[in-house]
Amino acid sequence: KQQTRLSGRSECQIDRITAREPNRVVESEAGVSEFWIPEENDELECAGVEAVRHTINPKGLLLPYYPSAPELAYIVRGEGIQGTVLPGCPETFETSFPSEGGKGEFFDKHQKVYRYKEGDILALPAGVVHWTYNDGDRPIVTIVLRDTSNVANQLDRTFRKFFLAGNSQSQQGQQGGRGQQQRGQETRWEVPSEGRTQGGKRRDEPRRAEGGRRRGQQEQEGSNIFSGFDDQILQDVFNVDYETVRQLKGQNDNRGFIVQADNFRVITPEKQEQGRERQRSSPSRGQSGRRGGGVPNGFDETLCSAQLSANLANPTHADVYNPRGGRLSSLNSHKFPVLDLLQLSAERGILYKNAIHAPYYNLNAHSVIYVTSGSSRLQIVKNDGSAVFDDWVREGQLIVVPQNFAVVKKAGEEGCEWVAFKTNDNAITSQLAGRFSFVRALPEEVLVNSYEISREQAKSLKYNRQEGVVLSPRSTSPRET
Amino acid sequence: KQQTRLSGRSECQIDRITAREPNRVVESEAGVSEFWIPEENDELECAGVEAVRHTINPKGLLLPYYPSAPELAYIVRGEGIQGTVLPGCPETFETSFPSEGGKGEFFDKHQKVYRYKEGDILALPAGVVHWTYNDGDRPIVTIVLRDTSNVANQLDRTFRKFFLAGNSQSQQGQQGGRGQQQRGQETRWEVPSEGRTQGGKRRDEPRRAEGGRRRGQQEQEGSNIFSGFDDQILQDVFNVDYETVRQLKGQNDNRGFIVQADNFRVITPEKQEQGRERQRSSPSRGQSGRRGGGVPNGFDETLCSAQLSANLANPTHADVYNPRGGRLSSLNSHKFPVLDLLQLSAERGILYKNAIHAPYYNLNAHSVIYVTSGSSRLQIVKNDGSAVFDDWVREGQLIVVPQNFAVVKKAGEEGCEWVAFKTNDNAITSQLAGRFSFVRALPEEVLVNSYEISREQAKSLKYNRQEGVVLSPRSTSPRET
Amino acid sequence: KQQTRLSGRSECQIDRITAREPNRVVESEAGVSEFWIPEENDELECAGVEAVRHTINPKGLLLPYYPSAPELAYIVRGEGIQGTVLPGCPETFETSFPSEGGKGEFFDKHQKVYRYKEGDILALPAGVVHWTYNDGDRPIVTIVLRDTSNVANQLDRTFRKFFLAGNSQSQQGQQGGRGQQQRGQETRWEVPSEGRTQGGKRRDEPRRAEGGRRRGQQEQEGSNIFSGFDDQILQDVFNVDYETVRQLKGQNDNRGFIVQADNFRVITPEKQEQGRERQRSSPSRGQSGRRGGGVPNGFDETLCSAQLSANLANPTHADVYNPRGGRLSSLNSHKFPVLDLLQLSAERGILYKNAIHAPYYNLNAHSVIYVTSGSSRLQIVKNDGSAVFDDWVREGQLIVVPQNFAVVKKAGEEGCEWVAFKTNDNAITSQLAGRFSFVRALPEEVLVNSYEISREQAKSLKYNRQEGVVLSPRSTSPRET
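The rules behind these values
Residues numbered from 1 in each chain as written. Chains lettered and ligands numbered in written order. Predicted model: local features only at pLDDT ≥ 70, side-chain atom pairs only at ≥ 80, totals over all residues. Heavy atoms only, no water. Least-squares fit on C-alpha atoms with pLDDT ≥ 70 in both. Contact = heavy atoms within 4.5 Å. Salt bridge = Lys/Arg side-chain N within 4 Å of Asp/Glu carboxyl O. Polar contact = N/O pair within 3.5 Å; in protein donor to acceptor, adjacent residues only side chain to side chain. Helix = DSSP H or I, 4+ residues; strand = E, 2+ residues; numbered from the N terminus. Nonpolar A, V, L, I, M, F, W, Y, C, P; charged D, E, K, R; others polar. Disulfide = S-S within 2.5 Å. Buried < 20%, exposed > 50% of the residue type's maximum accessible area, 1.4 Å probe, protein only. Phe/Tyr/Trp six-rings, centres within 6.5 Å; stacked < 30°, edge-to-face > 60°. Lys NZ or Arg CZ within 6 Å of the ring centre and 35° of its normal. Axes fitted to C-alpha atoms, helices over the stretch in contact; angles between N-to-C directions. Parallel < 35°, antiparallel > 145°, perpendicular 65-115°, else oblique. Pairing = 2+ DSSP bridges. pLDDT = per-residue confidence, 0-100.

Observations concerning the relation of the copies chain C and chain A
Take chain C, turn it by 120°, move it 0.1 Å along the axis, and it overlays chain A with an RMSD of 0.1 Å. In the structure described here, the two chain copies are related by an operation that fits a three-fold rotation axis. Looking at chain C, a mere 2% of its interface residues are interface residues in chain A too, so the copies touch through different faces.

Structure below.
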């Protein structure tokens, strides 16, 4: 199957890549969202992606919305429940518990919700309604890739978020200065002090004066989509009173898009039955969900019973493991079929202290790396042989490695853990050193003549490194720039 | 299967949508063509589509041509026969009847032709030669969507029409003022009086001075493609005399591209054997045509025996029906397999007086709505919660509803009928109110906390409207702006 | 299956097409490379392709590289061996021969290499490492299409070449004046005398001052990708000494990217077992390579055992043959499955003296024609009926025929041979004259009325030419302009 990603650009000159902090912060009642919004001509725009990191406080509810492009989320920390509303799918979850006032039982039915926890990947298809709730006792931190260049996003390459509740117009939004935000992990949900004085109320600030470029993000600052409909029409179609319609429109709502929900009881199947074993334990469910009656015949057979989350962090599922170096795990559409729809995949990497991720390139995808802990020194080399990045990437930073660009990672003293999102549902890497590298695959004659080296040197290039992808640190300490 | 539509734009800011009359009219000998040509930055350009409405008089022949992008046609009125020339397919129709002079029989053989009538959808694949003939006794009116952003259109996102006969250079073409043409349905084939004085002859008018933008349309004003070849080469390759080549080039032809064909006998299978039952009565044919010997092996197995038309109007095939509100029917690639090639689908909607098409959005497609009778008030809301359209759409007007934008329709006093073309062969809508809406799929806890409403209000939002997609009018009359 | 090619342009106005010589020459130690680089708005840019013709001297080695977009190569002359390094595939070729000094045996193992010769098509997937070696006794001449608009090229529509060895920065590169290079076939690897005086050394010439447009090509002028990595890191990851790393980086290498390799022994299976019968003799291998265990599960099942070359020139495999006119052969993804991955196909055509390739158009692809011997007069007609090309195309020239544009070829006195690359893995042509043309498929009534001709003339148009695609020259000599 061919990937059908759209190149947003006829030309994209990448001379320098930056390890980026988020460049925009939006505070909500029960959390904070930090955005990596592409600037003109930077490598995020070239790769056709955006990112956001949500911190959702305990009892925080991320209001329901549908995105114009698919999103892939990695749960850095915490646990919660996720709902995805698939049109045409039945309400298969039924709940009942004693009502609040003690007078009888309370019933509800709704579509499937699922639990997730640290280390899980959540697939959020384009156009589908999502919400999430933190029912744990510590903040959820999640990093979300938005694939604006995905073919699912037909109108243009802008990410649009259609809220079904709330009123993000009244949120506090300010653009953090790029590079100014050297905020640590622990204070991540603190916005910079300048700009906080206005509180959570609507400010009639002029929209950012960067010309038309950041419209995509500006559009997130509007009201929910019900506010554009006539009150009477909404009363009609829902058959409810004016007061309910007024609340639906949320025009006086200034809680932001992560709201405090203190009374929130949603029943999910027993935790023990699922959790991190989910992915492996139910292959037949995933299968039948997707391939059902032979030819897939539409949206509901495809998705109603599909798995929308899978675990990426479990060490026992590692694809690459070197006890002296670290490990890599990946989720592609073979393991996690819904990725076939999203045309995205993800990799989790862990390097121990000073270990090296051998030089490689992504053959058929861009890679967007987010460091979840520790730090790594990266070198990224473009096709003319020049390094477009040679620096450390630290916890909380995000960096784009464009397709085919060569990259090497060396963990710092505290080691390094990261998640990488890839713009292909079956991303392939090609190693430039180590046991799986191209030098092994080349005849010695080619090495001897290409590099003007002796046959012994050729043999050493091919065979001196017995390790594969993740290399243990060597005794010699590398020169740090 | 992923849709592979091309986004024409890196950014497409849609702040206002217009219900459009055609903005260009071309008269021919036996009919008139009215075009919706995108202007710079309007919603037609953003959606990557154009449209044309042909009125073909009785005995009118639309000359053979091939388009650079796929077209999907809906027959608003009338009936006729359609020929599609598929390269590599056999001439399977043989006809014989007494020759005109009475001296013996006349034989002919040619590729399949098929009859169509009011309510049919015709699929016109890109690059394939089409012609059509009105053998009925009243004008055919057809509305045609041209999907210029389709991947089949490799060169750019301009629609190009390659005529094989005629000489459209000599047609009268003038650009109707946008919005000035409040012409009724009955005089649709009347061009505005200014500009008609020159009659059907060539005018050496300067091409429209809008810069390069409308080139796509200008290119339709040329001669047929044989006129670019050397006379001698054409005599050689056809082995015919100079006179025939001169006629082939059609350089003195000023009939336009819909010509009068008084003697026109083409035999098609008995009407009774097909017609509006066509689509349902031969599922095995459609199947075998497409899936033939397992792996499809090329163009001719795919298309030679494929159905190229299907009925969309038959009430008994409705997908959604509410006897107090109206009905909806759709044709997607599951029902009408050739749509898989075109990556388009269509929907027919009928709303009774004052009935409501509940708020929804198109999850994976743009929708291009053409009102075939009556009128509806529409509200279209974009992601920032603002209405980009809030007005009536009347018979003969066309409006674009971009992907993910929320829309509600309420029929006027005469009811409303429309056809909607969608830029996905399996277009999905997601309801925002009614029995299938997202509110039913959400846990009450989410509604309570999202909208800051009571549990009773949440229940009323979820369950007060028992109807689904098409809602009956309520006693209260909605406020009209 | 839908083709998923990207249109690089929202508008592409093609008013004139040029038969092009290469517009840039790069000399290497053991060969020369001549490039067809798109200029602003020309038909190469519109078609989203580039081309290069390599001349590789005997014992010349084209250094290993990986391209950002797929390439399809036709071997015009000579023979050699090709290696393609597929990540994750095993080293299945083992060789042993007496070592040079006579002391014992020498062993090596590496991935599959294959022999090719004149008339073969080689498939070079994007992102995959390739090298080639001339072990014959005459120069290899190969013409290579680079599909920059292919979806595999995610970053933009620039072709990027990532060298793994050598240092193309030190090559001599100059841009030949377009149209100035009327060099004959025999001196093809001679660069124009202006600019040769500097010899093979690095010149600190200013990069071409055309603004940003030719960056793609400029980027080929860099060093190999190892030169961007830190010396110490490379020593670490390969576990080799500094001297080897210095050679890996190739910074003092000024041999260009085709180098002299005098000692080069690579064993391939007996020539007799393969060669030009390869393609037909092993259908089961090709099949199983692609369809392996039912559902393809990733890169290595897809490609490890795939055929990457196939013969296009063998007369006995012709698809169209007229003993008085010539023949055509094509390779599409049905015959040569890896083309499904590349989304490209190729056609080989041979016209005898004065024979005619009947008018046709490419229904679903652009066609990039390279004349390998002789010459043809071509007429290319666009949709407005005007000829955008009407001239001779000679040996060594390349011309683009855009999708849907009508074209006729008439060979000159020496006949004409060409290879055409097509931007669809299952390219379809539609004939405008001859036994397979649309006139046969149309009812006579349509011809009579479309061209205002008699029934006899219609019959002559339909049936006078009994030949199909390749037409024998007629007695009358066509008028030459």
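Section: the interface of chain B and chain C
Interface size is commonly expressed as the accessible surface area that is lost when the partners come together. The interface is formed by 83 residues belonging to chain B together with 76 residues belonging to chain C. With a closest N to O distance of 3.6 Å, Arg255 of chain B and Glu452 of chain C form a salt bridge. Along the contact surface separating chain B from chain C lie 28 residue pairs in polar contact (both at pLDDT 80 or more). Per-element accounting of the side of chain B that touches chain C gives the leading share, six residues, to helix H3 (residues 231-238) of chain B. Tallied by class, the residues present in the side of chain B that touches chain C amount to 38 nonpolar, 26 polar and 19 charged.

What about the relation of the copies chain B and chain C?
In the superposition of chain B on chain C (RMSD 0.1 Å, axial shift 0.1 Å), the rotation amounts to 120°. A different interface surface on each copy is seen, since only 2% of the contact residues of chain B are contact residues in chain C too.

Side note on the state of the cysteines
Residues and elements named next belong to chain A. The full count for this structure, using the stated rule, is six disulfides over all chains. Between the sulfur atoms of Cys12 and its disulfide mate Cys46 the distance is 1.7 Å. The S-S bond linking Cys12 to Cys46 shows a torsion near -105°; that makes this disulfide left-handed. Taken as a pair, Cys12 in the segment before strand E1 (24-28) and Cys46 in helix H1 (residues 43-47) lie far apart in primary sequence, 34 residues in all. Judged by relative accessible area, which is 0%, Cys12 ranks as buried. With its sulfur 1.9 Å from that of its partner, Cys89 forms a disulfide with Cys304.

Observations regarding the packing of aromatic side chains
Going through the model one piece at a time under the given rule, you end up with 30 aromatic pairs over all chains. With a centroid separation of 3.7 Å and 5° between ring planes, the pair formed by Tyr66 of chain A and Tyr361 of chain B is classed as stacked. With Tyr66 of chain A in strand E4 (residues 60-67) and Tyr361 of chain B in strand E20 (residues 356-362), the pair connects residues from two separate chains. Each member of the pair Tyr66 of chain A and Tyr361 of chain B is classed as buried. Both rings, one in Trp36 of chain C and one in Tyr370 of chain C, keep their centres 6.0 Å apart while their planes meet at 85°; by these two values the pair is edge-to-face. In this pair, Trp36 of chain C sits in strand E2 (residues 31-36) while Tyr370 of chain C sits in strand E21 (residues 367-381), placing the two residues 334 residues apart along the sequence. For Trp36 of chain C, a relative accessible area of 1% translates into the label buried. Accessibility expressed as a relative area gives 0% for Tyr370 of chain C, which makes it buried. A connected cluster of aromatic rings, assembled from ring pairs, spans Tyr66 and Phe162 of chain A together with Tyr361 and Phe405 of chain B. Between Lys161 of chain B and the ring centre of Tyr65 of chain B, over which it is positioned, the NZ or CZ distance is 4.4 Å.

Describing the packing of helix H3 (residues 231-238) of chain A against helix H4 (residues 242-249) of chain A
Residues and elements named next belong to chain A. Between H3 and H4, the shortest axis-to-axis distance is 9 Å and the interhelical angle comes to 110°. It follows from the interaxial angle that H3 and H4 lie roughly perpendicular. Here Asp231, Leu234, Gln235 and Phe238 of H3 lie close against H4, whose contacting residues are Tyr242, Val245, Leu248 and Lys249.

A look at the pairing of strand E2 (residues 31-36) of chain B
Residues and elements named next belong to chain B. In terms of residue burial, E2 counts as a mostly covered element, since six of its six residues are buried. Along E2, one buried face is formed by Gly31, Ser33 and Phe35 and the opposite face, lined by Val32, Glu34 and Trp36, is buried too. Summarising the sheet, strand E1 (residues 24-28) and E2 pair through five bridges and their orientation is antiparallel. Bridge pairing in E2 links Val25 to Glu34.

Observations concerning the confidence of the model for chain A
Residue and element names in this part refer to chain A. Scored by pLDDT, chain A comes out at a mean of 82, with 77% of its residues at no less than 70. Here residues 170-220 is a poorly scored stretch, pLDDT under 50, and it has 114 contacts once near neighbours within four places are set aside; other chains count. Counting interchain partners and residues more than four positions distant, the pLDDT-below-50 stretch residues 272-300 has 45 contacts. Interface confidence for the predicted complex, expressed as ipTM, amounts to 0.86; the pTM equals 0.87.

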